[in-house]
Amino acid sequence: MTKSMEKIVSLCKRRGIIFPSSEIYGGFANSYSYGPLGSEIKKNVKDLWWKNFVRDREEMVGIDGPILLHPKTWEASGHLENFNDQLVDCKNCRARLRADHLVESKLKIDCEGLDDDAVSKLIAENDIKCPKCGEKNFTPVRKFNLMFSTEMAKTGEHSQAFLRPETAQAIFLDYKNVVDSTRVKLPFGIGQIGKAFRNEITPGNFIFRVIEFEQMEIEYFIRPENWEKLFEKWFDAMKNWCEEIGLSPENFHEYEHAPEKLSHYSKRTIDIEYDFPFGKKELYGLAYRTDFDLTQHEKFSNQKLRWRDEGGEPFVPHVLEPTFGVDRTILAVICEGFCEEKLEDGSERVVLKIVPKLAPVKVAVFPLMKKDGLPEKSREILEKLKIFGLVQYDDGGAIGKRYRRHDEIGTPVCVTVDYETLENESVTIRDRDTMTQERIKISELVAKLSEKYFS
Ligand code: GAP
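Residues numbered from 1 in each chain as written. Predicted model: local features only at pLDDT ≥ 70, side-chain atom pairs only at ≥ 80, totals over all residues. Heavy atoms only, no water.

### Comments concerning the pattern of salt bridges
Evaluation of the coordinates by the stated rule reveals 42 salt bridges. Taking the shortest distance from any N to any O, the salt bridge between Lys-46 and Glu-214 comes out at 2.9 Å. With Lys-46 in helix α2 (residues 36-55) and Glu-214 in strand β10 (residues 212-222), the pair connects residues that are 168 residues apart, well separated along the chain. Close ionic contact of Arg-223 with Asp-309 constitutes a salt bridge, the shortest N to O distance being 2.7 Å. One end of the pair, Arg-223, is in the loop between β10 and α8 (227-244); the other, Asp-309, is in the loop between α9 (292-301) and β14 (318-325), with 86 residues separating them in the sequence. For Arg-223, a relative accessible area of 25% corresponds to the partly exposed category. We classify Asp-309 as partly exposed; its relative accessible area is 26%. Salt bridges sharing partners connect three or more residues here, namely Glu-341, Arg-349, Lys-353, Arg-404, Asp-407 and Arg-430. (Salt bridge = Lys/Arg side-chain N within 4 Å of Asp/Glu carboxyl O. Helix = DSSP H or I, 4+ residues; strand = E, 2+ residues; numbered from the N terminus. Buried < 20%, exposed > 50% of the residue type's maximum accessible area, 1.4 Å probe, protein only.)

### So, the packing of aromatic side chains
This model, assessed by the stated rule, comprises 24 aromatic pairs. Ring geometry for Phe-188 versus Trp-307: centroids 6.1 Å apart, planes at 45 degrees, classification tilted. Within this pair, whereas Phe-188 is found in strand β9 (residues 188-197), its partner Trp-307 is found in the loop between α9 and β14, the two being separated by 119 residues in sequence. The exposure class assigned to Trp-307 is buried, which follows from its relative accessible area of 8%. Linked through ring pairs, Trp-49, Trp-50, Phe-53, Tyr-220, Trp-234, Trp-241, Tyr-284 and Phe-324 together constitute an aromatic cluster. The ring of Phe-208 carries Arg-328 above its face, with NZ or CZ at 3.8 Å from the centroid. Geometry around Tyr-403 places Arg-430 over its ring, the cationic atom sitting 4.3 Å from the centre. (Phe/Tyr/Trp six-rings, centres within 6.5 Å; stacked < 30°, edge-to-face > 60°. Lys NZ or Arg CZ within 6 Å of the ring centre and 35° of its normal.)

### Concerning the sheet that holds strand β13 (residues 279-290)
Sheet architecture is open: seven strands sit in the order β3-β9-β10-β14-β13-β12-β11, paired in mixed fashion. Two strands bound the open sheet, and with one partner strand each, they are β3 (60-62) and β11 (252-256). For this sheet, the mean inter-axis angle between neighbouring strands, taken without regard to orientation, is 25 degrees. One ladder, built from nine bridges, connects strand β12 (residues 268-276) with β13; its direction is antiparallel. Residue pairing in the sheet places Asp-271 in a bridge with Gly-285 of β13. (Pairing = 2+ DSSP bridges. Axes fitted to C-alpha atoms, helices over the stretch in contact; angles between N-to-C directions.)

### Focus on the domain arrangement of the chain
Under the domain assignment used here, the chain contains domain 1 (5-70 + 162-335), domain 2 (84-145) and domain 3 (361-452). Each of domain 2 and domain 3 has a C-alpha centre, and these two points are 57 Å apart. (Domains from an automatic or database assignment.)

### A word on the packing of helix α7 (residues 168-181) against α9
Two numbers describe how α7 lies on α9: the axes approach to 10 Å, and their chain directions differ by 65 degrees. Judged by the sense of rotation from one axis to the other, the crossing of α7 with α9 is right-handed. Residues Gln-169, Phe-172, Leu-173 and Tyr-175 of α7 touch α9, and the partners they reach there are Asp-293, Leu-294 and His-297. Of the residues belonging to the contact of α7 with α9, the class tally is four nonpolar, two polar and one charged. (Left-handed = near helix turned anticlockwise from the far one by under 90°. Contact = heavy atoms within 4.5 Å. Nonpolar A, V, L, I, M, F, W, Y, C, P; charged D, E, K, R; others polar.)

### Side note on the sheet that holds strand β19 (residues 413-417)
In space, the five strands of this open sheet follow the order β18-β17-β19-β20-β21, with mixed pairing throughout. Among the strands making up the open sheet, the edge pair consists of β18 (391-393) and β21 (437-441). Ignoring strand direction, the axes of neighbouring strands in this sheet form an average angle of 25 degrees. The sheet contact formed by strand β17 (residues 363-367) and β18 spans three bridges and is parallel. Bridged to Ala-364 within β18 is Gln-392. Taken strand by strand, helix α12 (residues 399-409) contacts β17, β18, β19, β20 (426-431) and β21, and its axis lies near 170 degrees from that of β17.

### Considering helix α14 (residues 442-452)
Two residues of an α-helix separated by three or four positions point the same way, owing to the 3.6 residues in each turn. Turning to α14, its buried residues are Ile-442, Leu-445 and Leu-449. Down the axis of α14, the buried set is contained in an arc of 15 degrees. They therefore lie on one face. Of the residues in α14, the exposed ones pointing more than 90 degrees away from the buried face are Ser-443, Ala-447 and Glu-451. Those residues of α14 that are buried are in contact with β17, α11 (374-385), β19, α13 (419-424), β20 and β21. (Arc of directions from axis to C-beta.)

### Some remarks on the site of the ligand
As a matter of local geometry, the ligand sits amid 19 residues, with Glu-166, Arg-198, Glu-217, Glu-282 and Leu-283 nearest to it. At 2.8 Å, a side-chain N or O of Arg-198 approaches an oxygen atom of the ligand. In the model, an oxygen atom of the ligand is placed 2.5 Å from a nitrogen or oxygen of the Glu-282 side chain. Computed on the free molecule, the ligand has an accessible area of 550 Å², of which 91% lies beneath the protein chains in the complex. (Near = heavy atom within 4 Å. Polar contact = N/O pair within 3.5 Å; in protein donor to acceptor, adjacent residues only side chain to side chain. Areas by Shrake-Rupley, 256 points an atom, 1.4 Å probe, with all protein chains shown as cover.)

### Describing the environment of Asp-394
With respect to the helices and strands, the residue Asp-394 is situated in the loop between β18 and α12. Separated by 26 residues in sequence, Asp-394 and Leu-368 have C-alpha atoms that sit 9.9 Å apart. The contact partners of Asp-394, leaving out residues within four places of it in the chain, are Val-365, Phe-366, Pro-367, Arg-402, Arg-405 and His-406. Among the polar contacts made by the side chain of Asp-394, one reaches the side chain of His-406 at a distance of 3.2 Å.

### Notes on the pairing of β21
Strand direction decides the pairing type here: β20 and β21, joined by five bridges, are antiparallel. From the neighbouring strand, Thr-428 faces β21, where its bridge partner is Arg-439. Linking β20 to β21, which pair antiparallel, is a turn of five residues; within it Met-435 sits at a positive phi near 65 degrees.

### Topic: the nonpolar core
Grouped together as the largest cluster of nonpolar side chains are 59 residues, with contacts concentrated most on Ile-18, Trp-49, Trp-241, Leu-247, Tyr-284 and Ile-330. Every element with two or more residues in this core is listed here: α1 (5-14), α2, β10, α8, β12, β13, β14 and α10 (326-337). Residues within four places of Ile-18 in sequence aside, it is in contact with Cys-12, Lys-13, Tyr-32, Ser-33, Tyr-34, Gly-35, Phe-206, Ile-207, Ile-330 and Ile-334. With 19 residues, the next largest nonpolar core counts Leu-382, Phe-388, Ile-429 and Leu-449 among its residues. (Core = buried A, V, L, I, M, F, W, Y, C linked by side-chain atoms within 4.5 Å.)

Below you can see the structure in the form of C-alpha cells.
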C-alpha cells in the first residue's frame, strides 16, 4: 500500500515531531523545526550513528568543526566553480525553476554537459512552458551557485564567507591536526555530524530537500591501492546501518552514478536510494574522492598534507566518503514505520513502527485511575525505567486512547498500573506492534524490557 505523505506530514505536526518553521509569520519556505518528539528521534539517530561509526571502530576518530571555514576552502574544493545548478526565471509569474529539469521532463533528454546557451535554446525551440503559469516567457538560463554567502564584520580580503554546503571540508582542513595530535594509522577515518546549507532552487518533499540540514559524514583515509576492497567494505557497512535503523531491504536500493554524472571530485559513487512515498530517491552516498581534496588544499594552503611511513616516501592519502543525511534518515524511518491498520473490531489505528533504539518515547506508564495510590505507584515505576531513555507518565483519557496516542508516536511498550498492582506487585505490559498484553512482576520489568526491546 502506498503511504500518503499528506498523512505523514500531518501526523508529524499533530504529535510534535516536525513543524513548519516560522509559522507565526506565515511560514518560511522549506525550513522545518524538530518538535519535542522529533528532536528526540534526531538525537537518537545521531547518537546511534556516532556509536556505530565512530566510537565502536578503533580506526575512527570524531571532530566537530565550524560551519564557517576560510573562504579559500571553497576555491580549493571546487565548490565556487562547480557547485551550480542551471536556473531560469519565469518573467510572467516569477517562478524560479531548474532549467535542466524543465528540459528533461519535456524532452526526456539529459542536460549534463550542456552550457547555459544550449539549454536556453532547447527551452525556446521546444515549446516548453512554465509549469506554474503555463506561459513561455523565460529569462536566459544562468548558473546559480548553491552556497549561501554571508558578510563578515571584518573588511578586507576575506569579508565574504560561505556557510558550508557539506561537512566534509571541515574534516579535510583538520586532517593535519588529527594526524599530529592522535596515534591514527592508515587506514583511518574522521567522522563528523553537523549542519550544512544549500540554496536549493527547488527544495521540497517535506524534509527531503531543504536549505538547512544535517549530515553525518566520514572521510576515510587510505592507501590508493586498497580503494576497491575498502569501497565494498564501506558499502556493506552502510547497508547494515539501513537495516539497523529498521529499513526493509526491499525498500532500499543501490544506484551507481554513470561516469559522466559524477561530482567533480569523485571517481566512483554509489547511492543508497529509498522508496519514499514520492518516489525512489537518494538517501545516502558513498564516493571515492581519490586524493582530490587534500591535493587541492595543499595547493591553496601551501602546506604539506602527506602521510609519512617510516622510511617511505610521503604521499597524499586517498579518501573514501560514506555520507548520510540526518533529515533523510528521519524521513525514511518515519515513512517506513508509518502504518494504518484495520483492527478485528473494525476500528482503525495509526502506528509508527520504528525500531525501539530510535523511538522518541521508550516506555509509557499509565495508572488505570487517577486515584487510590495508582499515580504514585506509576511514578515510582517510571523512575526505574528512565535508564532506557525518555519515558512518559500518561493519565489522560481512557486506556484505549492512551494506547492509540503512543502507537502514533511509536512508543514500543506501555505499562499499566492497576489495582492488582497494589495487591501483588505486578503490571501489564502491552506491545505496540502485536498489541498483545502480558502480566509480569515489577521486579522483572527492567530485565524483561531490556531483553525484549532495548538490548
Ligand atoms: N560530502 C558529500 C556530499 O555532500 P551529497 O550527496 O551532496 O554529498 C550527502 O550530500 C547527503 O546529504 C545526501 O545523501 C543526503 O542524505 C543529504 N542531503 C544533501 N542535500 C540535501 C538537502 N538539500 N536536504 C536534505 N538533505 C540533503
